[in-house]
Amino acid sequence: MTDVPRLLAGPETTRPARLGYGADYNPDQWPREVWAEDARLMQAAGVTVVSVAIFSWARIQPAPDRWDFGWLDEVMDLMHAHGISVDLATATASPPPWLTTAHPEILPVTRTGETLWPGGRQQWRPTSPVFREHALALVEKMAERYAAHPALAAWHVSNELGCHNVEDYSDDAARAFRTWLTARYGTLDRLNEAWGTAFWSQRYTDWEQILPPRLAASYPNPTQQLDFKRFSSDALVEHLRAERDVLRRITPDVPVTTNFMVMGETKGMDYAAWAPEIDFVSNDHYLQPGPQGREEMSFSANLTSGVAGGRPWFLMEHSTSAVNWQPVNVPKRPGELARDSLTHVAHGADAVCFFQWRQSAAGAEKYHSAMVPHAGEDSALFRDVVALGRTLADLAPVVGAERAPARAAILFDWDSWWASELDSHPTEALRYRAEALDWYHAFLDAGVRADVVPVAGLDDGRTDLADYDVVVAPVLHVVPAALADRLTRWVEAGGHLVTTYFSGIVDADDHVWLGGYPGALRDLLGLRIEELNPLRDGERVRLDDGSTGTLWTDRIDVLPGTDVLATYLDGQQAGRPAVTRRAVERGSAAYVSTRLGAAGLRPLLERLLDAAGVRSELPEPLRGRVELTVRRTADEEFWFLVNRTDEALGLAGLDGKALVSTTPHDGEVADARPSGEVPADTLAPRGVVVLRRPRA
Ligand code: GLA
Ligand code: GLA
């Protein structure tokens, strides 16, 4: 992986490293007169990097044999003249109308057989050979044209791969799926065994009989569904690799990225598997509406860091204020622009970028906020943008700092996410990511740092269990034998594992581990469950520790040596264990059999952390009110303190010199003052303070 700052400095500049700041820049939506003003305002805002040409295919290649690079040459030159680096898109995200008209066979097909027609964007099948050929021809032209351009700092492959087209059920997809299955299973016998095709007369006798899990008369085969999700994610990786390989051949020294969407319920892309394919990780994040919006943002930024192995990454997009794609799109409150941006920096972002530079006057995103709003530069929003540019400049010492591992972690697993939410299950109300987010929220409420780390990282060293004393694995549904062994060895060596309902249930083929649930973790947890007992919608059960469970319960039999930490007071399982914990050699393994929600989890979590000797690093009054994140270099630490409340908080009891401190000013403008002028003893409402101190 490349260092984000090195690429931001650009191949030819000697500018000292600083955090990147910028946006998607779409000058092709505007007349030329506006471009000069754009460049002037970018300088005023402290912009260092822009992503260009993301949706410019139709402009660059107006016909199969015509190319128009003149305008883009001018934009590249203009950016370079103003000291701004370009993260240049390969421009393949949205194929032009001439291509989809000539080749309608590149259009994606839904599960129910409907074609996704042009008129939006991303109207292409990830597995279409025709699309691939045209896309790679464009990539080659782009790479050759700009290989030596001094503004070129990085390549941006496509855009949000899979956002609208991850699940394509076309005939191209069917063919590619068979190829993928052949590589995975080798023989039809092995596939039949993995898919359990003895069930419902599904046995395949020829590869050609196999289809994507299209709309069927009843539940499609669950392993077929799970494999199709794995395949669909991999098919996009294959496209990513194809574009990347062209770029690497022509411009071997220019790093390649693509913008992930580690955010909310976007679940089709297994980014833990994608990250090793690119030179640095980029993410897009938009605040989710609802009571856990801020926690979800922190969770996503944290997981992005986990996917990047704790190395710095690039926030490619977020919003300055409202978006346009939620049912109701409200603007951010004063202070939130800086708070949200610095939350990402706290979790490892070395660049803060937005969608987009100038708010569109036309098109589907004209009500989406930008760095330059419809109102123009004379606006509170643009002043906030300028202030944020100054704050990021002051944060230059943070550049390149890695994540300082917490003592606790939350394990995140795309396979478990996909498999636990398949149909024909005990309940369709289970939400994998919501349970993980509740645990994370409880950590924030307890004022204890936790890293969100991918299970896939265990295999390549991005995730090291040895870094952690406590690991929470919510709904770790898919547990292959090797993972069970690994967790067991870590617990025996002193690790404290916490897991929940519907964990350890199946292997990688989605076959149930037999002999009583949770088969893969039964011995480690020291319990046995004969029947799963989900709760009906609205049904609640009380526990004797004062908490309330929803969604799920289990009929647990504890084995000798397992302690019961909480018992059900009512419901079907009244009088039986709800939460258990077993001491295992130098560590322990705990099980939570119901959904307690963030508030219900907090006291339990504190109890479990206490038993493991893990405590908050924050002074008592700040616990739960402040989110603490730590980045570090070889000799320094940066403590990011984000105010989770709407009140000013005193920072007494914390060491360090304030590097920046943000304040929502006059109820309108987020003002940031550089070090020296910073009142290091107060954290403004929704404010952020970064403390700099020697490495412990
Ligand atoms: C995504 C896309 C952008 C834009 C934004 C709007 O992140 O990549 O092109 O559509 O959403 O929020
Ligand atoms: C019907 C079918 C069975 C089985 C059950 C499940 O009765 O005939 O094959 O699917 O439903 O409830």
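Our subject is the structure that appears above.
The present account deals with the structure reproduced in this document. All figures in this text were calculated on a predicted structure; none of them were measured in a lab.

## Focus: the site of ligand 1
Here is step 1: Phe55, Arg121, Asn159, Glu160, Asp284, Tyr286, Glu317, Trp325, Phe355, Glu365 and His368 make up every residue found near ligand 1.
Here is step 2: Arg121 has a polar side-chain atom sitting 3.0 Å from an oxygen atom of ligand 1.
Here is step 3: A distance of 2.3 Å separates an oxygen atom of ligand 1 from a polar atom in the side chain of Glu365.
Here is step 4: Surface burial for ligand 1 is 97%, taken as the share of its 300 Å² of free accessible area covered by protein chains.
Here is step 5: Each residue belonging to the shell around ligand 1 can be placed in one class, and the counts come to four nonpolar, two polar and five charged.

## Some points on the sheet that holds strand β8 (residues 313-317)
Whether parallel or antiparallel, the strands of a sheet pair through hydrogen bonds between backbone atoms.
Here is step 1: Strand order in the open sheet formed by nine strands is β5-β4-β3-β2-β1-β9-β8-β7-β6, with parallel pairing between adjacent strands. Bordering the open sheet on either side are β5 (256-257) and β6 (259-260), each of which pairs with just one other strand.
Here is step 2: Taken together, the three bridges between strand β7 (residues 282-284) and β8 define a ladder with parallel strand orientation. Its bridge partner being in β8, Asp284 is matched across the sheet by Glu317.
Here is step 3: Along the sheet face, helix α13 (residues 380-394) touches β1 (20-25) and β9 (349-354) and points at about 140 degrees away from the line of β1.

## A word on the pairing of strand β2 (residues 49-52)
Here is step 1: Of the two faces of β2, the one carrying Val49 and Ser51 and the one carrying Val50 and Val52 are both buried.
Here is step 2: Strand direction decides the pairing type here: β1 and β2, joined by four bridges, are parallel. Directly across from Asp24, in β2, lies its bridge partner Ser51.
Here is step 3: Pairing of β2 with strand β3 (residues 85-89) involves four bridges; the strand directions are parallel. By the bridge assignment for β3, Val49 is matched with Ser85.

## Some thoughts on the pairing of strand β12 (residues 450-454)
Here is step 1: Among the five residues in β12, five count as buried, and that is most of the element.
Here is step 2: Residues of β12 alternate between two faces, with Ala450, Val452 and Pro454 on one and Asp451 and Val453 on the opposite face, all of them buried.
Here is step 3: In this structure, strand β11 (residues 408-412) lies alongside β12, joined through five bridges in parallel fashion. Paired with Phe412 across the strands is Pro454, a residue of β12.

Reading the values: rules and limits
For every chain, the first residue of its written sequence is number 1, and the numbers climb from 1 along that sequence. Chain letters and ligand numbers both follow the written order, the letters beginning at A and the numbers at 1. pLDDT decides what is reported in this predicted model: residues at 70 or higher carry local features, side-chain atom pairs at 80 or more are listed and counted, and totals for whole chains, interfaces and linings draw on all residues regardless. Water and hydrogen atoms play no part in the side-chain values, which are based on all heavy atoms of the structure. For this purpose, a residue is taken to be near a molecule or strand whenever a single non-hydrogen atom of the residue falls within 4 Å of it. In protein, a polar contact requires one atom able to donate a hydrogen and another able to accept it; more generally it is a pair of N or O atoms within 3.5 Å, and residues adjacent in sequence count only if both atoms are side-chain atoms. Note on areas: Shrake-Rupley with a 1.4 Å probe; residue coverage comes only from the protein chains shown. Gly is put with the polar residues, along with every residue not named as nonpolar or charged; the nonpolar set is Ala, Val, Leu, Ile, Met, Phe, Trp, Tyr, Cys and Pro, and the charged set is Asp, Glu, Lys and Arg. By this definition, two strands are paired if DSSP reports at least two bridges between them. Helix numbering and strand numbering both begin at the N terminus, where a helix is a DSSP run of H or I of at least 4 residues and a strand a DSSP run of E of at least 2. The contact definition used throughout considers only heavy atoms, calling two residues in contact when any of these lie within 4.5 Å. Between the N-to-C directions of two axes lies an angle of 0 to 180 degrees, each axis being a line fitted to C-alpha atoms and, for a helix, fitted only over the stretch in contact. The rule is simple: take the accessible area with a 1.4 Å probe, protein chains only, and divide by the maximum for that residue type; under 20% is buried, over 50% is exposed, in between is partly exposed.

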